[in-house]
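The chain contents come next:
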Amino acid sequence: MLIIWTLIIGFIVGLIARAITPGAHNMGVILTIILGIVGAFVGGYLGTALGLYEVGSQVGIIGSIIGAVIVLLIYGFLARRA
C-alpha cells in the first residue's frame, strides 16, 4: 500500500512542479511520476539537512514540490544541451 501512495503523491507533486515551472514539458505520466518521486527525495533531504522540518512532517509536501521543481529545471537544462 505504501508503494501505491508513493506513486500517487509522486504524480501529484510532479504535476504541480510541471505547472509551476515555465516552458513546454513533453513528458508522459511515467516520467512525471519519476520526477515527483525524485523531487520528494531531493526536497526531503534538503529540508531535513537544513533543519527546516523533520522527517514525516506535514510541511514536507512543500519541500517535495520545491525539490521536484529543482529536478525539473535540471532536466530541462540537460535536455536542451543534448
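Because the structure is a prediction, the values reported are computed rather than measured.

## Observations regarding the UniProt feature "transmembrane region" (unreviewed entry) in the chain
UniProt records the feature "transmembrane region" (unreviewed entry) at residues 29–52 and 59–78, using the numbering of this structure. This span, residues 29–52, is 88% helix and 0% strand, and a straight line between its end C-alpha atoms measures 30 Å. As annotated, residues 59–78 comprises 95% helix and 0% strand, and the C-alpha atoms at either end are separated by 29 Å.

## Examining the side chain of T32
Structurally, T32 can be placed in helix α2 (residues 29–49). On the basis of relative accessible area, T32 is assigned to the buried category, the value being 0%. In this view, T32 contacts G10, F11, G14, L15, R18 and M27; residues no more than four positions away in its chain are not counted.

## Description of the packing of α2 against helix α3 (residues 60–81)
How two helices sit against one another is set out by the angle between their axes and by the gap between those axes. For the pair α2 and α3, interaxial distance at closest approach is 6 Å and the crossing angle is 120°. In terms of axis orientation, α2 runs oblique to α3. Where α2 crosses over α3, the two elements pack in a sense that is right-handed. In this structure, α2 contributes L31, L35, V38, G39, A40, V42, G43 and L46 to the contact, and α3 contributes G63, S64, G67, A68, I70, V71, L72 and Y75. Grouping the amino acids of the contact of α2 with α3 by side-chain chemistry returns 11 nonpolar, five polar and no charged.

## A look at the nonpolar core
With nine residues, the main nonpolar core is built from V13, A17, M27, L35, I65, A68, V69, V71 and L72. Dropping the residues within four chain positions of it, A68 is found in contact with V13, A17, L35 and G39.

## Overview of α2
For α2, which comprises 21 residues, the first-to-last C-alpha distance of 30 Å matches the rise-based estimate of 30 Å (1.5 Å per residue) to within 8%. Within α2, burial applies to T32, I33, L35, G36, I37, G39, G43 and G47. Immediately downstream of α2, the backbone of G51 shows phi near 75°, a positive value.

## Things to note about the environment of I33
Within the secondary structure, I33 is located in helix α2. We classify I33 as buried; its relative accessible area is 16%. Separated by 16 residues in the primary sequence, I33 and A17 have C-alpha atoms spaced 11 Å apart. Ignoring any residue separated from it by four or fewer positions in sequence, one finds I33 in contact with L7, G10 and F11.

Definitions and cut-offs
In this numbering scheme, every chain counts its residues from 1 along its sequence in written order. For a predicted model such as this one, the threshold for reporting local features is a pLDDT of at least 70, and the threshold for listing and counting side-chain atom pairs is 80 or more; totals across whole chains, interfaces and linings nevertheless cover every residue. Side-chain metrics rest on all non-hydrogen atoms present in the structure, leaving aside hydrogens and water. UniProt positions are given in the numbering used here, feature names are shortened, and annotations may be inferred rather than shown by experiment. Secondary structure follows DSSP: runs of H or I at least 4 residues long count as helices, runs of E at least 2 residues long count as strands, and numbering of each begins at the N terminus. Think of it in three bands: residues with accessible area under 20% of the maximum for their type are buried, residues over 50% are exposed, and the middle band is partly exposed, with areas taken using a 1.4 Å probe on protein chains only. Contacts are assigned to residue pairs that have any heavy atoms within 4.5 Å of one another. Here the axes come from fitting lines to C-alpha atoms, over the contacting stretch only for helices, and the angles between their N-to-C directions go from 0 to 180 degrees. Orientation categories follow fixed angle ranges, with anything under 35 degrees roughly parallel, anything over 145 roughly antiparallel, 65 to 115 roughly perpendicular, and all other angles oblique. Left-handed is the label given to a crossing in which the near helix is rotated counterclockwise from the far helix by less than a right angle, and right-handed is the label when the rotation is clockwise. As a working rule, the residues Ala, Val, Leu, Ile, Met, Phe, Trp, Tyr, Cys and Pro are called nonpolar, Asp, Glu, Lys and Arg charged, and the rest polar, with Gly in that last group. Among the buried residues, those of types Ala, Val, Leu, Ile, Met, Phe, Trp, Tyr and Cys that are joined through side-chain atoms within 4.5 Å form a nonpolar core. Multiplying 1.5 Å by the residue count of a helix minus one yields the expected span of that helix.

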